[in-house]
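Chain by chain, the residues:
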Amino acid sequence: MYECFLEIAFEAELNTKEDPELLELAPELCNEDASTRATAVTNLRNMIFERAECKPHRTDDAFLLRFLRARDFIVPRAHKLLVRYYTFRAEYPHLYKDVDLWGLMKVKSAYEGSMVDRPDIGRLSIFRFGTWDPNEFPVDDLIRTGMAITEIGIRQPKLQIMGGTVIVDLEGITLRHAATLTPTIAYQIVCLMGLVTPTRIKSVHIINYSWVLNTFFYLFKKFIPQEAWSKIIFHGSDLKSLQQQIDPECLPARYGGTCRNHVPIGVWLQKIKKYRDEQFDKEMKALGYVVKE
């Protein structure tokens, strides 16, 4: 029964159609107004051409909606995010260009995601970088995987509207992990949390954090915008504190939850490979990824 549920859920992962029921929640969740949506898209497109601060590879309605939803349909903010997105891609092409999409399965459980999305939580994602062995693959592959996950996820209108919640679990982080960190890597990790991508991050929860990691975290602090700090919550090792912020029904057992539908990224990518279609391949190749059969 559980496996059957997951298969159905994975098929839905590639659904890029608008859900009428979800659109009813859009005004509350992302300030989307059906009567002015087309005008907002046109205004954003005009701003892109008039200001010429970037050259998007797409300017169709569906693509621009991602940026508008991520910034509550405030056109100047959506434009700023879009410029930031393309600037990031230009600065770090190695994170996208010629990256073997299915080769990122090797990251295994360094990322996890829930297959059950709710309006209050959105998609719950878990970063577990302490499970990564730096001797197996470079830290760049962690960033590449995070960016690929984001690109695949934001194809879904559901996630554009609902957004997501992130847990950063620092259990297992050692000096070997810290030694791989540079200011550039720290910046790129922060960018995974919606700084340059059209994602709606509701909150970020840091768990298993201790004073030993203060130096480790210092690298990240300077890249986190002031307005984002209100969304970051430190729980130490207090699972009850985490459960007060995130319904235990959404949490895996390791955090005192009852949700069984959390999937490591290696498995998630295997299923995406299985259920993808030609349009998926076309869009991911346009972003620079290598998408093999």
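Right above here is the structure, for reference.
Everything numeric here is computed off the predicted structure, so don't read it as measured data.

1. Re the overall build of the chain
In terms of helices and strands, the chain carries 13 helices and six strands. Taking 293 residues into account, the globule formula puts the C-alpha radius of gyration at 19 Å, and the chain, at 19 Å, falls close to it. Here the chain holds 293 residues, and 53% of them are scored as buried. Restricting to contacts in the chain with at least 6 residues of sequence separation, those with at least 24 account for 78%.

2. Thoughts on the pairing of strand β4 (residues 201-207)
The buried fraction of β4 amounts to six of the seven residues, a majority that puts the element mostly inside the structure. In terms of strand pairing, strand β3 (residues 164-169) meets β4 through six bridges, oriented parallel. Each bridged residue has a counterpart across the sheet, and for T165 the counterpart in β4 is S203. One ladder, built from four bridges, connects β4 with strand β5 (residues 232-236); its direction is parallel. For I206, the partnering residue across the bridge sits in β5 and is F234.

3. Re the sheet that holds strand β1 (residues 111-114)
Strand order in the open sheet formed by six strands is β5-β4-β3-β2-β1-β6, with mixed pairing between adjacent strands. Two strands close off the open sheet at either side, each with one partner strand: β5 and β6 (262-264). Going across the sheet, the axis of each strand differs from the next one's by a mean of 20°, ignoring polarity. Across three bridges, β1 lies against strand β2 (residues 123-127) in antiparallel orientation. Considered in β2, the bridge of E112 is made with I126. Contacts from helix α12 (residues 265-275) reach β1, β2 and β6, with the element oriented near 85° to β6.

4. Digging into the side chain of H177
Structurally, H177 can be placed in helix α8 (residues 175-178). For H177, a relative accessible area of 5% gives the class buried. Excluding residues that lie within four positions of it along the chain, H177 makes contacts with F129, G130, W132, P134 and G172.

5. Details of the nonpolar core
One finds L101, Y111, L142 and Y289 to be the most contacted residues of the largest nonpolar core, which totals 84 residues. For this core, the leading source of residues is helix α5 (residues 75-91), giving eight residues. For L101, the residues in contact, after removing those within four places along its chain, are A148, I152, L269, F280, M284, Y289, V290 and V291. By size, the runner-up hydrophobic cluster in this structure holds 10 residues, among which are I121, I167, I207 and L242.

6. Remarks on the packing of helix α6 (residues 139-153) against helix α9 (residues 183-195)
Put simply, α6 and α9 touch, their axes get as near as 10 Å, and they point 20° apart. By the criterion of interaxial angle, the relationship of α6 to α9 is roughly parallel. Remark: the crossing between α6 and α9 carries left-handed chirality. Residues V139, D140, I143, G146 and M147 of α6 touch α9, and the partners they reach there are I185, Q188, I189, C191 and L192. In terms of residue class, the contact of α6 with α9 is built from seven nonpolar, two polar and one charged.

7. Regarding the pairing of β2
Burial runs high along β2: four of the five residues are buried. Summarising the sheet, β2 and β3 pair through five bridges and their orientation is parallel. When the sheet's bridge partners are listed, L124 is paired in β3 with T165.

8. So, the pattern of salt bridges
One pass over the full model with this rule turns up 22 salt bridges. Of the charged contacts in the structure, one is a salt bridge between D60 and R58, with a shortest N-O distance of 2.8 Å. For D60, a relative accessible area of 30% translates into the label partly exposed. Here R118 and D120 are joined by a salt bridge, their closest N and O atoms 2.6 Å apart. Residue classification places R118 among the partly exposed positions, given a relative accessible area of 21%. Among the ionic contacts, a cluster of salt bridges with common partners joins R58, D60, R66, R155 and E283.

Here is what the cut-offs are and how they apply
Residues numbered from 1 in each chain as written. Predicted model: local features only at pLDDT ≥ 70, side-chain atom pairs only at ≥ 80, totals over all residues. Heavy atoms only, no water. Helix = DSSP H or I, 4+ residues; strand = E, 2+ residues; numbered from the N terminus. Rg over C-alpha atoms; globule rule 2.2 N^0.38 Å. Buried < 20%, exposed > 50% of the residue type's maximum accessible area, 1.4 Å probe, protein only. Contact = heavy atoms within 4.5 Å. Pairing = 2+ DSSP bridges. Axes fitted to C-alpha atoms, helices over the stretch in contact; angles between N-to-C directions. Core = buried A, V, L, I, M, F, W, Y, C linked by side-chain atoms within 4.5 Å. Parallel < 35°, antiparallel > 145°, perpendicular 65-115°, else oblique. Left-handed = near helix turned anticlockwise from the far one by under 90°. Nonpolar A, V, L, I, M, F, W, Y, C, P; charged D, E, K, R; others polar. Salt bridge = Lys/Arg side-chain N within 4 Å of Asp/Glu carboxyl O.

Keep in mind these numbers describe shape, not what the thing actually does.
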